[in-house]
Amino acid sequence: MSASRRSGTTDELGPDEPERDGGAGASDPGGSDLLAALLDGMDAALCAFDADGVVTHWNREAERILGWTAAEAVGRRGFAGWAVRSADAEEVESRLLSAMHAPGRQVHEFALVTKDGGRVLVRTQSAAVRGPDGKPAGVYCAFSEVHAQIDLERSIALSEALFEDAAWGVVLVDADLRPAVVNAHAARALGIGRTSALGRPLGELLAQGVEELEGALTHVLAEGPPPAPAEMWVAVRTAEGEQRRCWRSGFLRLASPLAEEPVPLGVGWLFQDVTEAKQGEQEASLLRFRANQLHRAARAAAECEDPAEAATVHLDFALAGFADHALIDRVAGPPPADDGAAPVRLVRMAATPSGAPGPSLLTGAAGLPVRYEEGHPALQCAERAGTVRADAGTMSADRAREWALARQWPADCVHALCAVLRSRGRTLGVVTFLRGAARARFERIDATYAEDVAARIATALDLAETTRRDR
């Protein structure tokens, strides 16, 4: 325990004072015990000197660092001959005691000697202790090992850098799953000010992906951090509307170092926007799959004796992962002229089953035109000799069903993509790909793939017509 040179117990941080009337004050056993407990409970080593440079106080942390007990240290004059080398004693003592006559605190670094003869570099903070008359009566000195101080400073510097200059989003989330600290990068990613995000539910900050994120945070609080980063798709609200983003996220459980048992203070959430990289990976994977499908379709079609059957083979291979339904409509009669003077009539040639999945079926043996209304996407496609996209939009389910049936499509379709079948400079028909509400609308990359498939189907249909005329 701490000790004083007078009574063996910690009294005060200055020189001896006369007892106050009534016996209360420095000699109060309760006050001495309290001061001793406070000094011994400090995380920093502490010693004190009177005006003559005699050690008056020495706590347990000082004993731990240097090995000298309070009984061995209290009462010695300065550090000479025991806590510092003789050659350094005068300089160390003068620098420590100079704090009595200097304002504020002074910071120094000294090499002190441990009880077993080793040396340890410490950083000290010293300041004057003043008596009742306001005059300097001694010096107290708090010190810690330099490497421990440097570790602390590095931790503080790291925290400051993360919350100011980091290229990643950093959010500290409390135990109630509400942001407690948000760095500048995270605030920009969320589209909100740093202070505006504090204390708000995550559902107010994200339009989509909240459930997945809250589930991850709850797991970290209960079980600890995951072994690897997690990629999460979220939607953030912006002035232009909702934007989907992919954030690669890491999580750290924060626990209080002051509690006897780990008490969760919250979660440290670090994330980086990898949307462009993920979209690039997805597009590359999609292109590889579609190229493989085209290759497989070409090999399978090459084994078909009937060119019309080869056309349906191309359609079936294209359908996988691309659309829910597909139709092939051929032009009735001779191919129309490109000037669009004559109306186009289309006859259903092949279609995927509208019920259970299966291969496309050849139809239209009777040659009856499909009852397409004027302005139908398939007719527009044939007349313009270009790709046409159509969507039901934000209609209700009943109106979307009516929209599909009015266009002679399966009732569950809400997205359509029509690609023209061209061969040898002639329009031979139209291939239509259809998607249900569970799929996204057709994009430009989808139109490119549909045009590749249409070119192969058109070649097969052209060959089928040539073969039929030659018979």
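Scroll up for the structure.
Attention in this report is confined to the structure presented alongside it. As the structure is a prediction and not an experimental result, all values here were calculated from the model.

1. Here we look at the overall build of the chain
Okay, so step 1: In terms of helices and strands, the chain carries 13 helices and 17 strands.
Okay, so step 2: Across the 471 residues that make up the chain, the buried fraction comes to 42%.
Okay, so step 3: Nonlocal contacts in the chain, meaning residues at least 24 apart in sequence, comprise 52% of its contacts between residues at least 6 apart.
Okay, so step 4: Surface summary for the chain: the accessible area is close to 25,100 Å², and the carbon and sulfur share equals 52%.

2. Re the nonpolar core
Okay, so step 1: With 32 residues, the main nonpolar core has Phe322, Ile328, Leu421, Val431, Phe433, Ile457 and Leu461 as its most contacted residues.
Okay, so step 2: Secondary structure elements with two or more residues in this core: helix H9 (275–301), helix H10 (307–319), strand E12 (325–331), strand E13 (346–351), strand E16 (413–423), strand E17 (426–436) and helix H13 (444–470).
Okay, so step 3: If one sorts the elements of this core by residue count, H13 sits on top with nine residues.
Okay, so step 4: Non-local contacts of Leu421, meaning those with residues more than four positions away in its chain, are made with Ile328, Asp329, Arg426, Thr427, Leu428, Gly429, Val430, Val431, Ala454, Ile457, Ala458 and Leu461.
Okay, so step 5: Listed in part, the 29 residues of the second largest apolar core include Cys47, Ala73, Trp82 and Val92.

3. A word on the pairing of strand E3 (residues 106–113)
Okay, so step 1: Inspection of the sheet shows E3 paired to strand E4 (residues 119–130) by eight bridges, in the antiparallel sense. Within the sheet, the bridge partner assigned to Val107 lies in E4 and is Gln125.
Okay, so step 2: Remark: five residues form the turn of the hairpin made by E3 and E4, two consecutive strands paired antiparallel; Gly117 in that turn has positive phi of roughly 95°.

4. Some details on the environment of Val92
Okay, so step 1: Tracing the backbone through its elements, the reader meets Val92 in helix H4 (residues 86–97).
Okay, so step 2: Separated by 13 residues in the primary sequence, Val92 and Phe79 have C-alpha atoms spaced 8.0 Å apart.
Okay, so step 3: Setting aside chain neighbours within four positions, we find Val92 in contact with Phe79, Val84 and Phe110.

5. Let's talk about the sheet that holds strand E7 (residues 179–182)
Okay, so step 1: Pairing in this open sheet of six strands is antiparallel, and the strands run E7-E6-E11-E10-E9-E8 from one edge to the other. Looking at which strands have only one partner, the edges of the open sheet turn out to be E7 and strand E8 (206–208). Going across the sheet, the axis of each strand differs from the next one's by a mean of 40°, ignoring polarity.
Okay, so step 2: In this structure, strand E9 (residues 230–238) lies alongside strand E10 (residues 241–255), joined through nine bridges in antiparallel fashion. Within E10, the position partnered with Val236 by the bridge is Gln243.
Okay, so step 3: Where helix H8 (residues 210–223) meets the sheet, its contacts fall on strand E6 (169–174), E8, E9, E10 and strand E11 (264–273), and the angle it forms with E10 comes to roughly 5°.
Okay, so step 4: Relative to E9, H9 is tilted by about 115°, and along the sheet it contacts E9, E10 and E11.

6. Looking at the environment of Val236
Okay, so step 1: With respect to the secondary-structure elements, Val236 resides in strand E9.
Okay, so step 2: Along the primary structure Val236 and Gly191 are separated by 45 residues, whereas in three dimensions their C-alpha atoms are 7.4 Å apart.
Okay, so step 3: The contact partners of Val236, leaving out residues within four places of it in the chain, are Ala189, Leu206, Gly241, Glu242, Gln243, Arg245 and Trp247.

7. A few points about the packing of aromatic side chains
Okay, so step 1: Enumeration over the complete set of coordinates arrives at 12 aromatic pairs.
Okay, so step 2: Plain terms: the ring middles of Trp58 and Phe79 are 6.4 Å apart, the flat faces sit at 80° to each other, and that makes the pair edge-to-face. A residue pair is termed long-range when its members are at least 10 positions apart, and Trp58 in strand E2 (residues 55–58) and Phe79 in the loop between helix H3 (70–73) and H4 qualify at 21 residues.
Okay, so step 3: When its relative accessible area of 5% is taken as the criterion, Phe79 is described as buried.
Okay, so step 4: The residue whose ring lies beneath Arg435 is Phe322, and the NZ or CZ to ring-centre distance is 5.3 Å.

8. What to know about helix H11 (residues 377–384)
Since there are 3.6 residues in each turn of an α-helix, residues three or four apart along the chain are aligned in direction.
Okay, so step 1: Pro377, Ala378, Leu379, Cys381 and Ala382 are the residues of H11 that are buried.
Okay, so step 2: Those residues of H11 that are buried lie in contact with E13, strand E15 (388–391), E16 and E17.
Okay, so step 3: At the C-terminal side of H11, Ala385 shows a positive phi close to 55°.

9. So, the environment of Ala378
Okay, so step 1: Relative to the assigned elements, Ala378 resides in helix H11.
Okay, so step 2: Distance in space between the C-alpha atoms of Ala378 and Leu346 is 8.5 Å, their sequence separation being 32 residues.
Okay, so step 3: If we skip the residues at most four places from it in the chain, Ala378 touches Leu346, Tyr372, Cys418, Val430 and Thr432.

Basis of the calculations
Residues numbered from 1 in each chain as written. Predicted model: local features only at pLDDT ≥ 70, side-chain atom pairs only at ≥ 80, totals over all residues. Heavy atoms only, no water. Helix = DSSP H or I, 4+ residues; strand = E, 2+ residues; numbered from the N terminus. Buried < 20%, exposed > 50% of the residue type's maximum accessible area, 1.4 Å probe, protein only. Contact = heavy atoms within 4.5 Å. Areas by Shrake-Rupley, 256 points an atom, 1.4 Å probe, with all protein chains shown as cover. Core = buried A, V, L, I, M, F, W, Y, C linked by side-chain atoms within 4.5 Å. Pairing = 2+ DSSP bridges. Axes fitted to C-alpha atoms, helices over the stretch in contact; angles between N-to-C directions. Phe/Tyr/Trp six-rings, centres within 6.5 Å; stacked < 30°, edge-to-face > 60°. Lys NZ or Arg CZ within 6 Å of the ring centre and 35° of its normal.

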